[in-house]
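Here's the letter readout for the chains.
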Amino acid sequence: MDARSAALVRANFRSVMESPGGAERLISSFYGHLFAESPRLRELFPPAMEMQAKRVTAAIQWVLDNLEDWERAQNFLEQLARDHRKYGVEADDYDTAGRALVAAFRAYNDNAWHRELEEGWRDIALLIAASMAIGANSDKSQPYWESTVVGHRRVLEDLAIVRLQSDTPIPYQAGQYVPLTIPQRPKMWRYFSPAIPSNPYGEIEFHVRKIRGGWVSPAIVNETKVGDRWQIAAPLGGLQVDRDSGYDVLMIGAGTGIAPLRAQLIEMSRRGINPRVHFFIGGHYPCDLYDVENMWQLSQSNPWLTIVPVCEQKTNPWWYPHPPSDAPYGMHRTLIGNLGAVVASFGAWADRQIHIAGSARMIADTRRALTAVGTPEANISSDPV
Ligand SMILES: Cc1cc2nc3c(=O)[nH]c(=O)nc-3n(C[C@H](O)[C@H](O)[C@H](O)COP(=O)(O)OP(=O)(O)OC[C@H]3O[C@@H](n4cnc5c(N)ncnc54)[C@H](O)[C@@H]3O)c2cc1C
Ligand code: HEM
């Protein structure tokens, strides 16, 4: 594609994105054309599709930003299509998608549509469709693994630990996360971080917090039963301790955000020599530190590991059903305060590789607290939540 044509489609796409509701109108038209040509494709989607406008336009934007480095754009699209295999999308479907994309831009631009725009968007749609078809064809491995729930323990009113046995072991690295679906909410894929490392027996564990008003997490916490079959797709993410960097490690986790950190620590405990790790586990109330006792025990046999519990409140709320004597072993060392502020009060940790895991807000707050005391931004890793 020549520079003039690229500038034209970029300017056209910018005008869509800058117009209020423009992305939604464009993508709704894209799906209208897609489903009109191939009605069976609608069945691959969950009932609600309102998030798709943001996701698909972000992907198109990424492609347009990388037109000059086509290999990069192509790798991204091939990976996107490999991931799409879990939805049931096949290589041949991308031809239809390419046509629907051009039709959507044509309909959106209406009277302002002209030959050069048609040619520009045709080229882009062809590049997208061809790369995605190549991606879909390039991977013949299974798009997801079937797993059976073998345990469901509700450790807090809003939090469950779910153990599964997959039919064949899932090859993820400790610290990665996986997309999964559950039978109570078919086709609604969500990401969860395994809380134990992959093992040859196919055992896998997730810690799931119920989000009020959410579709999938309340169903996992309230409705999951032993024997349910879950589908778990290919792992993503790169929260991994770099053993060769020579840097010690600082881990900061809150709520179920401890899962990817815990998986890494269990993996590390299988080795004789490890970098030093300080693991700050945060919660609002002491009862939120539902796994601190296990982590404390892990630290007892692994001298490289130090566990530091941090709570915003000293005591459990009045409605918490268990007596105070249930406080986990080691809780007398709990520090009180905001997690990020407490960690930053020890200094910049500038000589550490730092992993932060939790909600988007907790990650942003903790990152801000650390960088404010001089932690180099480049030392900090977190998942894209
Ligand atoms: C990389 C990654 C790893 C993750 N690992 C875990 C994990 O190990 N354990 C775990 O419990 N969750 C984890 N999550 C979150 C999980 O994927 C879901 O987003 C969460 O369970 C909500 O899904 P839902 O279907 O219940 O809510 P949805 O139906 O998707 O959302 C309903 C509403 O809740 C809002 N919402 C979604 N998530 C949150 C949130 N975290 N806090 C506040 N509001 C929210 C949405 O914006 C929406 O308005 C992870 C997310 C990512 C991106
Ligand atoms: C025949 C063509 C296609 C079909 C049937 C299809 C189907 C789907 C489905 C079922 C989802 C999941 C929706 C959800 O979980 O709510 C999805 C997500 C997504 N699609 Fe597509 N898609 C197609 C083409 C494309 C194209 C051309 C792009 C952009 C270039 C795209 C980008 C995305 C993105 C970014 C997501 C978000 C989640 C993810 O990364 O998997 N899709 N798609």
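Rules of the game
- Residues numbered from 1 in each chain as written.
- Chains lettered and ligands numbered in written order.
- Predicted model: local features only at pLDDT ≥ 70, side-chain atom pairs only at ≥ 80, totals over all residues.
- Heavy atoms only, no water.
- Near = heavy atom within 4 Å.
- Polar contact = N/O pair within 3.5 Å; in protein donor to acceptor, adjacent residues only side chain to side chain.
- Areas by Shrake-Rupley, 256 points an atom, 1.4 Å probe, with all protein chains shown as cover.
- Nonpolar A, V, L, I, M, F, W, Y, C, P; charged D, E, K, R; others polar.
- Pairing = 2+ DSSP bridges.
- Helix = DSSP H or I, 4+ residues; strand = E, 2+ residues; numbered from the N terminus.
- Axes fitted to C-alpha atoms, helices over the stretch in contact; angles between N-to-C directions.
- Contact = heavy atoms within 4.5 Å.
- Parallel < 35°, antiparallel > 145°, perpendicular 65-115°, else oblique.
- Left-handed = near helix turned anticlockwise from the far one by under 90°.
- Donors = N, O, S within 2.8 Å, 3.2 Å for Na, K, Ca; no water.

Chemist: Tell me about the site of ligand 1, residues and numbers included.
Modeler: Taken together, 19 residues are adjacent to ligand 1, and Arg-190, Tyr-191, His-207, Val-216 and Ser-217 come closest. Contact between ligand 1 and Ser-193: an oxygen atom at 3.1 Å from a main-chain N or O atom of the residue. Between ligand 1 and Val-216, the relevant distance is 2.8 Å, taken from an oxygen atom to a main-chain nitrogen or oxygen of the residue. For ligand 1, whose accessible area on its own is 930 Å², the fraction buried by protein is 64%. Taken together, the residues of the shell around ligand 1 break down into 10 nonpolar, six polar and three charged.

Chemist: Help me get a handle on the sheet that holds strand E3 (residues 178-181), residues and values and all.
Modeler: Strand order in the open sheet formed by six strands is E4-E3-E6-E1-E2-E5, and the pairing between neighbours is antiparallel. Edge positions in the sheet fall to strand E4 (190-192) and strand E5 (203-209), since each has one partner strand and no second. Neighbour to neighbour, the strand axes of the sheet diverge by 40° on average, direction disregarded. Sheet topology places E3 next to strand E6 (residues 229-233); two bridges connect them, and they run antiparallel. Note that in E6 the partner of Leu-180 across the bridge is Ile-232. On top of the sheet, helix H7 (residues 216-223) reaches strand E1 (144-156), strand E2 (159-166), E4, E5 and E6; it is set at about 110° to E5, its chief contact.

Chemist: Before we move on, can you summarise the packing of helix H5 (residues 93-109) against helix H6 (residues 115-138) with the specific residues and values?
Modeler: Viewed as axis vectors pointing N to C, H5 and H6 meet at an angle of 155°, and their least axial separation amounts to 8 Å. Our classification of the angle between H5 and H6 gives roughly antiparallel. Remark: the crossing between H5 and H6 carries right-handed chirality. Contacts from Tyr-94, Gly-98, Leu-101, Val-102, Phe-105, Arg-106 and Asn-109 of H5 reach H6 at Leu-117, Glu-118, Trp-121, Arg-122, Ala-125, Ile-128, Ala-129, Met-132, Ala-133 and Ala-136. Residue classes in the contact of H5 with H6 are distributed as 12 nonpolar, two polar and three charged.

Chemist: Go over the coordination of the iron atom of ligand 2, please, and point to the residues and values.
Modeler: Here the protein supplies the iron atom of ligand 2 with just one donor, His-84 (NE2), and that contact is 2.1 Å long. The topology assignment puts His-84 in helix H4 (residues 70-84).

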